[in-house]
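Architecture and fold: a report
What follows is the residue order along each chain.
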Amino acid sequence: MSRTLFSARSGHLSLWLGGAALAFGTFVRITRELVEGEVGAMDSAILLAVAKKRTPWLTTAAVDVTALGSITLVVLFSAFTLVVLLVLRDRLGALQLLAASAGAGILTLVTKNIIERIRPEEAQQLITVSGFSYPSGHSVSTCALYLTIAIIAGRYVQHSGARAVIFLAVSAVLIMVGASRVYLGVHYATDVVSGISLGAAWALLLAGFFTLGSHHGSARPQRL
């Protein structure tokens, strides 16, 4: 029994760390190409093409969707999930969630201040934003937070189909939030893709770390 459990945790650890390496490698590659000036023309073309598709109802929908990555909602989702985890006495899960939220904020701030990419100017910005453009803070924070919540929730769900639905729902949210940032003219496409990659790398790295933590004595959550 213990050997089987150890094998399962080793498999999860390999999955999380492998995924984190792949996501971070994607972020590094995009960043390198940005610094070398290889993505500017593509980003501008995508932004202008998306701007031509704007309609009043799409703009309303984009403003609503982009709010899912706002600081207010991210904090509210984090606080609610934290309370649930504390009620369930899942201290490792609570620490993982806090680390995901705090780390995403720090990674976004540091990266933005290093790269210092100016916000898009090719198309009208439909909402008011400030700060640098790369990477998309909305994409980093939503990916790190929602993916971490999905990973933690997966520990409580036994049915593989239900876990797949959770991760598909999170993926859909991430894509919609990222697309809304480009549609609203406040980010380039590479800002969004790099933000998702960085957020995913952080969430998956934490998943691997806390998988090791659970191996060293934490009680396994009761599955549903």
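Residues numbered from 1 in each chain as written. Predicted model: local features only at pLDDT ≥ 70, side-chain atom pairs only at ≥ 80, totals over all residues. Heavy atoms only, no water.

Along its 18 residues, helix α6 (residues 137–154) runs 25 Å from first to last C-alpha, staying within 8% of the 26 Å computed at 1.5 Å per residue. Burial of α6 is extensive: 16 of the 18 residues sit out of reach of the surface. (Helix = DSSP H or I, 4+ residues; strand = E, 2+ residues; numbered from the N terminus. Expected span 1.5 Å × (residues − 1). Buried < 20%, exposed > 50% of the residue type's maximum accessible area, 1.4 Å probe, protein only.)

Further remarks concern the nonpolar core. One recurring pattern in soluble globular proteins: nonpolar side chains tend to sit buried together. The biggest cluster of nonpolar side chains holds 22 residues, and the ones touching the most others in it are L85, L147, I151 and L204. Going through the elements one at a time, α1 (2–35), α4 (71–87), α5 (91–115), α6, α7 (160–183) and α8 (189–215) are the ones with two or more residues in this core. For this core, the leading source of residues is α6, giving seven residues. Those residues in contact with L204, other than ones at most four positions away along the chain, are W16, G19, A20, L147 and I151. Judged by nonpolar contacts, the second largest core, of nine residues, contains I30, V39, Y134 and V140. (Core = buried A, V, L, I, M, F, W, Y, C linked by side-chain atoms within 4.5 Å. Contact = heavy atoms within 4.5 Å.)

Bringing the environment of L58 into the picture now. Residue placement: L58 occurs in helix α3 (residues 56–66). As a C-alpha pair, L58 and L184 span 126 residues in sequence and 9.8 Å in three-dimensional space. In contact with L58, other than residues within four places in its own chain, are K53 and Y183.

This part covers the packing of α4 against α5. In the contact formed by α4 and α5, the axes pass within 9 Å of each other and the chain directions differ by 165°. What the angle tells us is that α4 and α5 run roughly antiparallel. Seen along the crossing, α4 lies across α5 with a hand that is left-handed. On α5, the residues that touch S78, T81, L82, L85 and L86 of α4 are G93, A94, L97, L98 and S101. (Axes fitted to C-alpha atoms, helices over the stretch in contact; angles between N-to-C directions. Parallel < 35°, antiparallel > 145°, perpendicular 65-115°, else oblique. Left-handed = near helix turned anticlockwise from the far one by under 90°.)

So far we have only geometry, and geometry alone does not tell us how the molecule works.
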